[in-house]
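Here's the letter readout for the chains.
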Amino acid sequence: MRSVRAAQNLLSRAIFLRRGIPQAPAAAAVADRRSKWWFPPNPAPAANSVPIGFAGAVSFSLTFATMAEAKERPATDLLPKDVVLYQYEACPFCNKVRAFLDYHDIPYKVIEVNPLSKKEIKWSDYKKVPILVVDGEQLVDSSDIINKLNHKISPDYSDSNTEELKWRKWVDEHLVHMLSPNIYRTTSEALESFDYISKNGNFSFTERFAVKYAGAAAMYMVSKKLKKKYNISDERASLYAACDTWTEALNGRDFLGGSKPNLADLAVFGVLRPIRYLQSGKDMVANTQIGNWYERMEKEVGDPSRIRD
């Protein structure tokens, strides 16, 4: 668990500094961070090796880290060996796949696709994102990707949960259609949503400029068409209503899956994640009851399992 290892490293450094002992080289830590696979954390130091007064604080930190990153990791022999996600950073469907990968702590690489030229996926007959390549096999369509990958890592999983299926379908057929009219509601909000292009992808300055401004303008126009297509009169009111529908479905539970998120929880969280800290997402949390559930989901999903170069 990454956060546990980090806490243990912090503990070790504190002990070394307290005793005046030089720290060991950081090469092992660097190699660990670059590792593609998860290994159980090293055993915690014996209690009698921890300075008095510091032990309690560190013990609490380790416990909190364990609780905060309560991921559902598949067995090592079921983990895919090579996973590459072709995506748009702000795409709800791409984020739905990433939520699944992150929650299950499946290491994956990301190829950011230029939304104008799509040159990064010219090799594929499928011209949309997400595309997930798993050990050489191309998977497409976010829900289908999750279904196939879920059966791969959880062979005994049963998809007979009608409530879970119902709400996964609701995400794809209703909730996701509330997003674009809100994300691109105004020109300033549209530009805000394309700020990601300046931080992601191996794009030239010209490409970044073109994608940000041309992309924002195009999506602003698309959002107006979607608003008309889905009979949305008030963008924010429709988003708030969808959030209220979801929180009512929880019926007092922490998650739709009960004490742990299920695939429907991950789907809702995934599609909402790209807007959470945009203006539309801030308004969403301020005007609905979804914030508490979202915070619980953030803790359960934990840090991204994405492999960064």
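Please refer to the structure placed before this passage.
Here is what the cut-offs are and how they apply
Residues numbered from 1 in each chain as written. Predicted model: local features only at pLDDT ≥ 70, side-chain atom pairs only at ≥ 80, totals over all residues. Heavy atoms only, no water. Pairing = 2+ DSSP bridges. Helix = DSSP H or I, 4+ residues; strand = E, 2+ residues; numbered from the N terminus. Axes fitted to C-alpha atoms, helices over the stretch in contact; angles between N-to-C directions. Contact = heavy atoms within 4.5 Å. Phe/Tyr/Trp six-rings, centres within 6.5 Å; stacked < 30°, edge-to-face > 60°. Buried < 20%, exposed > 50% of the residue type's maximum accessible area, 1.4 Å probe, protein only. Lys NZ or Arg CZ within 6 Å of the ring centre and 35° of its normal. Expected span 1.5 Å × (residues − 1). Core = buried A, V, L, I, M, F, W, Y, C linked by side-chain atoms within 4.5 Å.

*Asks:* Before we go on, may I ask you to explain the sheet that holds strand 1 (residues 83–87) in this structure?
*Replies:* Through backbone hydrogen bonds, the strands of a sheet pair up, either in parallel or in antiparallel fashion. With respect to topology, 4 strands assemble into an open sheet ordered 2-1-3-4, the strand pairing being mixed. Since the sheet does not close on itself, it has two edges, and those belong to strand 2 (109–112) and strand 4 (137–140), each with one partner. Within the sheet, the average angular offset between the axes of one strand and its neighbour, ignoring direction, is 20 degrees. Sheet topology places strand 1 next to strand 2; 4 bridges connect them, and they run parallel. Bridged to Val-84 within strand 2 is Lys-109. Running at roughly 130 degrees to strand 4, helix 5 (residues 142–153) makes contact with strand 3 (131–134) and strand 4 of the sheet.

*Asks:* What's the story with the packing of aromatic side chains in this structure? I'm lost.
*Replies:* In this description, a pair of aromatic rings is defined by centroid distance and the angle of the planes. Within the structure shown, the criterion is met by 9 aromatic pairs. The interplanar angle of 75 degrees and the centroid separation of 5.1 Å between the aromatic rings of Trp-167 and Trp-170 together place this pair among those described as edge-to-face. Of the two residues, Trp-167 and Trp-170 both sit in helix 6 (residues 162–173), 3 residues apart, roughly one turn of that helix. For the pair Trp-167 and Trp-170, one class covers both residues: buried. A ring pair is formed by Phe-269 and Tyr-294, whose centres lie 4.9 Å apart and whose planes are at 45 degrees; its orientation type is tilted. Of this pair, Phe-269 sits in helix 11 (residues 263–272) while Tyr-294 sits in helix 13 (residues 290–301), placing them 25 residues apart in sequence. Taken individually, Phe-269 and Tyr-294 each receive the classification buried, so the pair is uniform in this respect. One aromatic cluster is present, built from ring pairs that chain together Trp-167, Trp-170, Trp-246, Phe-269, Trp-293 and Tyr-294. Over the ring of Tyr-294 we find Arg-276, and its NZ or CZ is 5.9 Å from the ring centre. One cation-aromatic arrangement involves Arg-296 over Phe-255; the distance from NZ or CZ to the ring centre is 6.0 Å.

*Asks:* Even after reading the chapter, I still don't get helix 9 (residues 205–229), so can you show me in this structure?
*Replies:* Given 3.6 residues per turn, any residue in an α-helix points the same way as the ones three and four places further on. Between its first and last C-alpha atoms helix 9 spans 35 Å; for 25 residues at 1.5 Å apiece the expected length is 36 Å, and the two agree. Turning to helix 9, its buried residues number three or more, namely Glu-207, Val-211, Gly-215, Ala-216 and Ser-223. Those residues of helix 9 hidden inside the fold are in contact with helix 7 (179–183) and helix 8 (187–193). In the stretch just after helix 9, Asn-231 is the one whose phi turns positive, near 55 degrees.

*Asks:* Mind showing me how you'd approach the nonpolar core here?
*Replies:* Proteins that are soluble and globular tend to have nonpolar side chains buried together. Ranked by internal contacts, the top residues of the largest apolar core, which has 70 residues, are Leu-132, Trp-246, Leu-272 and Trp-293. Ranked by residue count, the leading element in this core is helix 11, at 8 residues. Apart from residues no more than four positions distant in its own chain, Trp-246 is found in contact with Trp-167, Trp-170, Leu-256, Ala-264, Asp-265, Val-268, Ile-290 and Trp-293.

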